[in-house]
Amino acid sequence: MSLAQLLESKFRGDVRFRGLAFLQAERVSIARITPDDLHGVVRDGGSEYQTHLSRLEGDLRMFCSCVGEGQTRDPACKHLWATILATDEGGYLTGTARPGAVPTFCGRSLSADGSEQLGRRRLRR
Ligand SMILES: [Zn+2]
């Protein structure tokens, strides 16, 4: 399954709707990818939010700068959903995501300056 299919149940429907709008408006960029971490930037109005997907023992932890310090549970905000959709669209997973077995990230399609603007291609889902 795609990362979005794997994580869909963690996000409310209206949050997913707004996250998708960020992708369609080309407001999501992937800043940096390592096998275990994917860092994104989402432009939301006049602000930029840093998102971070991190693999931990086959599971995925999620962080977003729109959540204040001290938040213990994973945030499920529109910025993270936009980043998840961008990850699927860009093909940044090396394999198929399964519960408890999220594959490593790959950055093969990043451009020379280390970033790529997403949202130009049609969503495959
Ligand atoms: Zn956020």
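Everything numeric in this text was worked out from a predicted model, so none of it was measured.

The rules behind these values
Residues numbered from 1 in each chain as written. Predicted model: local features only at pLDDT ≥ 70, side-chain atom pairs only at ≥ 80, totals over all residues. Core = buried A, V, L, I, M, F, W, Y, C linked by C-beta atoms within 7 Å. Buried ≥ 20, exposed ≤ 12 C-beta atoms within 10 Å, placed from the backbone. Helix = DSSP H or I, 4+ residues; strand = E, 2+ residues; numbered from the N terminus. Contact = placed C-beta atoms within 7 Å. Axes fitted to C-alpha atoms, helices over the stretch in contact; angles between N-to-C directions. Parallel < 35°, antiparallel > 145°, perpendicular 65-115°, else oblique. Left-handed = near helix turned anticlockwise from the far one by under 90°. Nonpolar A, V, L, I, M, F, W, Y, C, P; charged D, E, K, R; others polar. pLDDT = per-residue confidence, 0-100. Expected span 1.5 Å × (residues − 1). Arc of directions from axis to C-beta.

Enquirer: Just to check I follow, could you spell out the nonpolar core for this structure?
Expert: The nonpolar side chains of soluble globular proteins are, as a tendency, buried together. By size, the foremost hydrophobic cluster in this structure holds 26 residues, and its most contacted members are Ala-82, Ile-84 and Leu-85. Elements represented by at least two residues in this core include exactly helix 1 (3–7), helix 2 (13–24), strand 1 (28–33), strand 2 (37–44), strand 3 (47–56), strand 4 (59–64) and helix 3 (78–90). With 6 residues, helix 3 is the largest single contributor of residues to this core. Contact partners of Ile-84, with chain neighbours within four places excluded, come to Leu-3, Ala-4 and Leu-7.

Enquirer: Please clarify how the environment of Ala-101 should be interpreted in this entry.
Expert: The topology assignment puts Ala-101 in the loop between helix 3 and strand 5 (116–117). Since 12 C-beta atoms lie within 10 Å of it, Ala-101 is described here as exposed. For the pair Ala-101 and Asp-59, spaced 42 residues apart in the sequence, the C-alpha separation amounts to 6.2 Å.

Enquirer: Hey, could you run me through the packing of helix 2 against helix 3 in this one?
Expert: Packed helices, taken two at a time, are described by their axes: the angle between them and the distance between them. Two numbers describe how helix 2 lies on helix 3: the axes approach to 7 Å, and their chain directions differ by 55 degrees. As far as their axial angle goes, helix 3 and helix 2 are oblique. Considering the relative orientation of helix 2 and helix 3, their crossing is right-handed. Along its contact with helix 2, which presents Val-15, Arg-16, Arg-18, Gly-19, Leu-20, Phe-22 and Leu-23, the element helix 3 presents Lys-78, Trp-81, Ala-82, Leu-85 and Ala-86. Across the contact of helix 2 with helix 3, the residue classes tally to 8 nonpolar, 1 polar and 3 charged.

Enquirer: Would you mind going over the confidence of the model for the chain with me for this structure?
Expert: Should the pLDDT be low somewhere, the predicted coordinates at that spot are not to be read in detail. When pLDDT is averaged along the chain, the result is 86; 79% of the residues meet or exceed 70. This model gives residues 119–125 a pLDDT under 50, and the stretch forms 9 contacts once residues within four places in sequence are excluded.

Enquirer: Got a minute to help me understand unusual backbone geometry in this structure?
Expert: At Glu-26, a residue that is not glycine, the phi angle is positive and equals roughly 60 degrees. Tracing the backbone shows Glu-26 in the loop between helix 2 and strand 1. In this model, Glu-57 sits at a positive phi of 50 degrees, which is unusual for a non-glycine residue. With respect to the secondary-structure elements, Glu-57 resides in the loop between strand 3 and strand 4.

Enquirer: Hey, could you run me through the environment of Gln-24 in this one?
Expert: Mapped onto the secondary structure, Gln-24 falls in helix 2. Gln-24 gets classed as partly exposed once you count the C-beta atoms within 10 Å, which come to 16. Along the primary structure Gln-24 and Ala-82 are separated by 58 residues, whereas in three dimensions their C-alpha atoms are 9.3 Å apart.

Enquirer: When you look at helix 2 in this model, what are you seeing that I'm missing?
Expert: For an α-helix, 3.6 residues make a turn, and residues three or four places apart therefore share a direction. With 12 residues, helix 2 extends 17 Å between its outermost C-alpha atoms, agreeing within 8% with the 16 Å of an ideal straight helix rising 1.5 Å per residue. Inspection of helix 2 places Arg-16, Gly-19, Phe-22 and Leu-23 among the buried residues, and these make up the whole buried set. End-on, the buried residues of helix 2 take up no more than an arc of 110 degrees, which puts them together on one face. Residues Gly-13, Asp-14, Phe-17 and Ala-21 are exposed on helix 2 and point more than 90 degrees away from its buried face. Taken together, the buried residues of helix 2 touch strand 1, strand 2 and helix 3. Following helix 2 by one or two positions, Glu-26 adopts a phi angle in the positive range, close to 60 degrees.

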